[in-house]
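Analysis of the macromolecular model
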Amino acid sequence: MENKKKVLVLAFNQLKHDARITRQVKFLKDDYSVDVFCFAKTDIEGVDFIEVKQTPLTLFRKALAALFLITRLYKTAYWVLHAYKDQVDKLRTNNYDIIVANDVETLHMAFAIHNKVLFDAHEYAPRHFEDKLWFRVFFQGFNQYFCKLYIPRVARMTTVCDGLAEEYEKNFGVRPEIITNAPKYHDTEPTKTDPKNIRMIHMGVANFSRKLENMVEVVNTLGDPYTLDLMLLTPTYASTQTKMYVENLKQEIADNPRVNIIDPVRSEMVVDKIKEYDIGIFLLEPVNFNYTFALPNKLFEFIQARLAVAIGPSIEMAKIVKKYNNGVVSENFTPDSLALSMKAISIEDIDQMKLNSSTAAIDLSAEKNAEIMKLLCKEILID
């Protein structure tokens with residue numbers, strides 16, 4: 001029997017809560033021999049994990065990196081920030097046929113290992129946190145440099161939505177294929193909405209730039225019978241500012257009977273967990289380029305869970321909600337606007353939107369994305 005081709009998936013993060021990379025590995029593991037380089041593995045049979053400790057950013061390391069970033073010695077800064085250079089020679093000896101590089105942070109290491117790279121850009125890297133001064137000063141040029149250096153050399157490239165794909169093509173001459181953040185298809189039925197208890201859910205990273213308090217304000221404006229559960233992730237590498245933000249949020253809602261923070265579950269368990277709710281909510285102000293074109297896991301998880309959806313006028317998300325008529329899109333990004341849009345719908349409307357999510361769930365599933373990724377890998381091997 002012919003030996004399987006070898007694929008290395010590079011991810012500078014923990015896979016436990018990274019649904020996109022977990023799906024990516026599952027797409028490939030049956031057809032290829034897959035190794036995953038990451039900080040913490042998840043349970044995927046038939047895959048070998050190369051776990052490393054995340055580079056601790058001590059005060060000295062931060063100062064050293066800042067010096068190299070300011071002086072534009074970006075390759076030197078790279079190995080200070082991502083101190084895994086000692087792994088490169090070991091990984092080369094494995095003779096991989098394809099490297100799947102997740103996010104711009106992995107690109108330099110990927111090309112140090114092998115020149116057949118499939119680059120999956122989860123965000124538009126040069127404008128990732130453009131609303132933050134520290135990003136503009138230290139990392140905007142860094143990300144721009146590695147995009148300009150490597151994107152023209154990648155064998156294939158993918159990203160999450162059309163808005164990001166168009167920006168990459170405009171600035172770097174490569175049009176990525178679209179692989180959305182859709183989970184696998186879930187064969188389930190929508191629940192009937194209880195008019196005395198309309199349950200909303202939001203889940204995701206707890207980040208002050210996402211202004212979670214705006215969604216709390218929405219449910220406060222709506223009043224009874226609406227409630228909101230927040231399933232929040234606070235990464236171990238979260239900044240002190242982020243941790244303080246979460247603590248302040250907890251204090252603000254401590255006496256609010258309509259809002260509750262619940263424990264996160266593993267990414268593959270999210271849909272089954274949230275299908276007991278009625279409405280998935282995400283109000284995301286477009287404070288930077290990536291927020292403007294956000295098309296996140298949670299939207300597709302809402303759909304697979306057969307929920308109605310409540311969002312602001314985010315370009316990519318609104319396209320889907322309007323196409324399938326499975327939710328409400330507010331006029332603007334204020335809590336009052338979204339609350340007003342939600343007040344305009346009835347219980348019957350919510351139940352119909354849930355049914356419409358059932359239609360969308362068939363079209364918007366990981367299975368179609370798997371076909372795209374497998375085809376791209378076949379093309380890389382032929383090239």
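Data block above holds the structure.
Quick word on the nonpolar core
Counting residues in hydrophobic clusters, the biggest one holds 109 residues, and the most contacted among them are Met-109, Ile-274 and Met-342. Looking at which element gives the most residues to this core, the answer is helix α3 (residues 74-81), with six residues. In this structure Met-109 touches Leu-10, Phe-12, Phe-37, Tyr-78, Trp-79, Tyr-84, Gln-87, Val-88 and Leu-91, once residues within four positions along its chain are discounted.

Notes on the packing of aromatic side chains
By the definition in use, this model includes 24 aromatic pairs. Relative to Tyr-245, the ring of Phe-208 lies with its centre 6.4 Å away and its plane at 65°, an arrangement referred to as edge-to-face. Taken together, the positions of Phe-208 in the loop between β8 (198-205) and α8 (213-222) and Tyr-245 in helix α9 (residues 240-253) put the pair 37 residues apart, joining distant regions of the chain. Phe-208 sits in the partly exposed class, given a relative accessible area of 23%. Owing to a relative accessible area of 13%, Tyr-245 belongs among the buried residues under this scheme. Members of the aromatic cluster, joined through ring pairs, are Tyr-74, Tyr-78, Trp-79, Phe-111, Phe-129, Trp-134, Phe-135, Phe-139, Phe-142, Tyr-145, Phe-146 and Tyr-150. Lying across the ring of Tyr-96, Lys-6 places its NZ or CZ 5.5 Å from the centre. A cation over an aromatic ring shows up here: Arg-199 above the ring of Tyr-277, its NZ or CZ 4.3 Å from the ring centre.

Details of the sheet that holds strand β10 (residues 259-262)
Ordered by their spatial adjacency, six strands build an open sheet running β10-β9-β8-β11-β12-β13, and the pairing between neighbours is parallel. The sheet terminates laterally at β10 and β13 (327-329), the two strands that pair on one side only. On average, each strand axis in the sheet is inclined to that of its neighbour by 25°, with strand direction left out of account. Pairing of strand β12 (residues 308-311) with β13, which is carried by three bridges, proceeds in the parallel orientation. Each residue of the ladder has a partner; that of Ala-310, found in β13, is Val-328. Sitting on the sheet, helix α12 (residues 297-304) touches β8, β11 (279-282) and β12, and the angle it makes with β8 is about 145°.

Observations regarding the sheet that holds strand β1 (residues 6-10)
Here seven strands make up an open sheet; going across it, the order is β3-β2-β1-β4-β5-β6-β7 and the pairing parallel. Of all the strands in the sheet, just β3 (48-51) and β7 (177-178) have a single pairing partner and so form its edges. Summarising the sheet, strand β5 (residues 117-121) and strand β6 (residues 156-159) pair through four bridges and their orientation is parallel. Pairing of Phe-119 across the sheet is with Met-157, part of β6.

Section: helix α14 (residues 335-343)
Inspection of α14 places Pro-335, Ser-337, Leu-338, Ala-339, Ser-341 and Met-342 among the buried residues, and these make up the whole buried set. Turning to α14, the residues buried within the fold contact β8, α8, β9 (226-233), β11, β12 and β13.

Some details on the side chain of Asn-13
Turning to its location among the elements, Asn-13 is positioned in the loop between β1 and α1 (19-28). On the basis of relative accessible area, Asn-13 is assigned to the buried category, the value being 17%. A polar atom in the side chain of Asn-13 sits 2.7 Å from the side chain of Asp-18. Beyond its immediate stretch of four places on either side in the chain, Asn-13 contacts Asp-18, Ile-21, Cys-38, Phe-39 and Ala-40.

Calculation notes
Residues numbered from 1 in each chain as written. Predicted model: local features only at pLDDT ≥ 70, side-chain atom pairs only at ≥ 80, totals over all residues. Heavy atoms only, no water. Core = buried A, V, L, I, M, F, W, Y, C linked by side-chain atoms within 4.5 Å. Buried < 20%, exposed > 50% of the residue type's maximum accessible area, 1.4 Å probe, protein only. Helix = DSSP H or I, 4+ residues; strand = E, 2+ residues; numbered from the N terminus. Contact = heavy atoms within 4.5 Å. Phe/Tyr/Trp six-rings, centres within 6.5 Å; stacked < 30°, edge-to-face > 60°. Lys NZ or Arg CZ within 6 Å of the ring centre and 35° of its normal. Pairing = 2+ DSSP bridges. Axes fitted to C-alpha atoms, helices over the stretch in contact; angles between N-to-C directions. Polar contact = N/O pair within 3.5 Å; in protein donor to acceptor, adjacent residues only side chain to side chain.

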